[in-house]
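Each chain is listed here by its residues.
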Amino acid sequence: SQQGEEDPQALSIQEGENATMNCSYKTSINNLQWYRQNSGRGLVHLILIRSNEREKHSGRLRVTLDTSKKSSSLLITASRAADTASYFCATDAEGVTGGGNKLTFGTGTQLKVEL
Amino acid sequence: DTGVSQDPRHKITKRGQNVTFRCDPISEHNRLYWYRQTLGQGPEFLTYFQNEAQLEKSRLLSDRFSAERPKGSFSTLEIQRTEQGDSAMYLCASSLADRASYEQYFGPGTRLTVT
């Protein structure tokens, strides 16, 4: 079953603008991960944020995590046409040995960046 | 290329036939995961291994599905007596969870079409 819900389901922006996607989830987590998927292809890992972290940066990506609200956001700054893809959040529930368990994915946000 | 490979990339089969997919993870990764993804949805967890031990199976995995990781390296996923509802992308991922590195790296997937 899908645990997470991404919002919005679809987003269309102009190149150079920022894109923000939100994710909500239901259970306690060890970490939350964001993935990108280009049409019909495999998933590419973007960034992981642990449950004791509130914000993390990687290049043009900024991820926030609010465990009290069970929500996360992904910000892509200065977007490019090559960022056009589906973006998924995935939660890794806290297990006996920590993380590294199954990921539960959301339904995804389809981002389109136009020239 | 994440370093995770899957074979075949595409498989077309007739209903009732058996199919087997192979996944080769990143060599030092101890955990290996199988997911299934249908059009417009996020991946759904099927099963995962730590070394050769199968740690968890989803309720999605009916008796027609079996997965193995005989020597803790590559893994196979077999579907017996395929049904049209089995048509999906089957994704494999691996991680180095025993070193608290929980990012999962995905292969390109095997797209199964059951006619």
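Throughout what follows, the structure given in this document is the object of discussion. (Residues numbered from 1 in each chain as written. Chains lettered and ligands numbered in written order. Predicted model: local features only at pLDDT ≥ 70, side-chain atom pairs only at ≥ 80, totals over all residues. Heavy atoms only, no water.)

## Structural notes on the interface of chain A and chain B
Interface size, as often reported, equals the accessible area lost upon joining of the parts.
Reasoning step 1: Contacts between chain A and chain B engage 26 residues on the former and 23 residues on the latter.
Reasoning step 2: Summing both partners gives a buried area of about 1800 Å² for chain A against chain B, and 50% of it is carried by carbon and sulfur.
Reasoning step 3: Between chain A and chain B we count one salt bridge in total.
Reasoning step 4: Across the pair A:Lys102 and B:Glu56 runs a salt bridge whose closest N-O atoms are separated by 2.9 Å.
Reasoning step 5: Our count for the contact surface shared by chain A and chain B stands at seven residue pairs in polar contact (both at pLDDT 80 or more).
Reasoning step 6: Listed by contribution, the elements that provide at least two residues to the side of chain A that touches chain B are β4 (29-37), β5 (43-50), β9 (85-93) and β10 (103-105) of chain A.
Reasoning step 7: Looking at the side of chain A that touches chain B element by element, the count peaks at five residues for β4(A).
Reasoning step 8: Counted by class, the side of chain A that touches chain B contains six nonpolar, 16 polar and four charged residues. (Contact = heavy atoms within 4.5 Å. Buried area = accessible area lost by both parts, 1.4 Å probe. Salt bridge = Lys/Arg side-chain N within 4 Å of Asp/Glu carboxyl O. Polar contact = N/O pair within 3.5 Å; in protein donor to acceptor, adjacent residues only side chain to side chain. Helix = DSSP H or I, 4+ residues; strand = E, 2+ residues; numbered from the N terminus. Nonpolar A, V, L, I, M, F, W, Y, C, P; charged D, E, K, R; others polar.)

## Overview of the pattern of salt bridges
Residues and elements named next belong to chain B.
Reasoning step 1: Taken as a whole and judged by the stated rule, the model has six salt bridges over all chains.
Reasoning step 2: Here Glu83 makes a salt bridge to Arg64, at a shortest N to O gap of 3.4 Å. With Glu83 in the loop between β8 (75-79) and β9 (88-96) and Arg64 in the loop between β6 (53-57) and β7 (65-68), this residue pair connects regions lying 19 residues apart in the sequence.
Reasoning step 3: Its salt-bridge partner being Asp86, residue Arg64 comes within 2.8 Å of it at the nearest N-O pair. You can see Arg64 sitting in the loop between β6 and β7 and its partner Asp86 sitting in the loop between β8 and β9, a full 22 residues away along the chain. Taken individually, Arg64 and Asp86 each receive the classification buried, so the pair is uniform in this respect.
Reasoning step 4: Several salt bridges share partner residues, and in doing so they unite Arg64, Glu83 and Asp86 into one network. (Buried < 20%, exposed > 50% of the residue type's maximum accessible area, 1.4 Å probe, protein only.)

## Some remarks on the packing of aromatic side chains
Residue and element names in this part refer to chain B.
Reasoning step 1: Applying the stated criterion across every chain yields a total of eleven aromatic pairs over all chains.
Reasoning step 2: Taking the centre distance of 5.4 Å and the plane angle of 45° together, the rings of Tyr35 and Phe106 count as tilted. Taken together, the positions of Tyr35 in strand β4 (residues 31-37) and Phe106 in strand β10 (residues 101-106) put the pair 71 residues apart, joining distant regions of the chain. Here the two residues Tyr35 and Phe106 agree in accessibility, since each one is buried.
Reasoning step 3: Over the aromatic face of Phe74 sits the side chain of Arg22, whose NZ or CZ is 3.9 Å from the ring centroid. (Phe/Tyr/Trp six-rings, centres within 6.5 Å; stacked < 30°, edge-to-face > 60°. Lys NZ or Arg CZ within 6 Å of the ring centre and 35° of its normal.)

## Describing the pairing of β9(B)
Residues and elements named next belong to chain B.
Reasoning step 1: The buried fraction of β9 is high, at nine of nine residues.
Reasoning step 2: Going residue by residue along β9, you find Ala88, Tyr90, Cys92, Ser94 and Leu96 tucked away on one face and Met89, Leu91, Ala93 and Ser95 tucked away on the opposite face as well.
Reasoning step 3: Where β9 meets strand β11 (residues 110-114), three bridges bridge the pair, whose relative direction is antiparallel. Looking across to β11, one finds that Tyr90 is bridged to Thr110. (Pairing = 2+ DSSP bridges.)

## Description of the side chain of B:His29
Residue and element names in this part refer to chain B.
Reasoning step 1: Structurally, the position occupied by His29 is in the loop between β3 (19-24) and β4.
Reasoning step 2: According to the relative accessible area criterion, His29 is buried, its value standing at 9%.
Reasoning step 3: A polar side-chain atom of His29 sits 2.8 Å from a polar atom in the side chain of Ser94.
Reasoning step 4: In contact with His29, not counting residues within four places along its chain, are Arg69, Ser94, Ser95, Leu96 and Tyr105.

## Overview of the sheet that holds β3(B)
Strand pairing in a sheet relies on backbone hydrogen bonds. The paired strands run either parallel or antiparallel.
All names here are of chain B.
Reasoning step 1: Reading across the sheet, the four strands line up as β1-β3-β8-β7 and stay open at both edges, with antiparallel pairing between neighbours. Each of the sheet's edge strands pairs with one partner strand only, and the pair in question is β1 (5-7) and β7. The sheet shows a mean angle of 15° between the axes of neighbouring strands, direction not considered.
Reasoning step 2: Bridging between β1 and β3 involves three bridges; their strand directions are antiparallel. In the sheet register, Ser5 faces β3, and the bridge partner there is Asp24. (Axes fitted to C-alpha atoms, helices over the stretch in contact; angles between N-to-C directions.)

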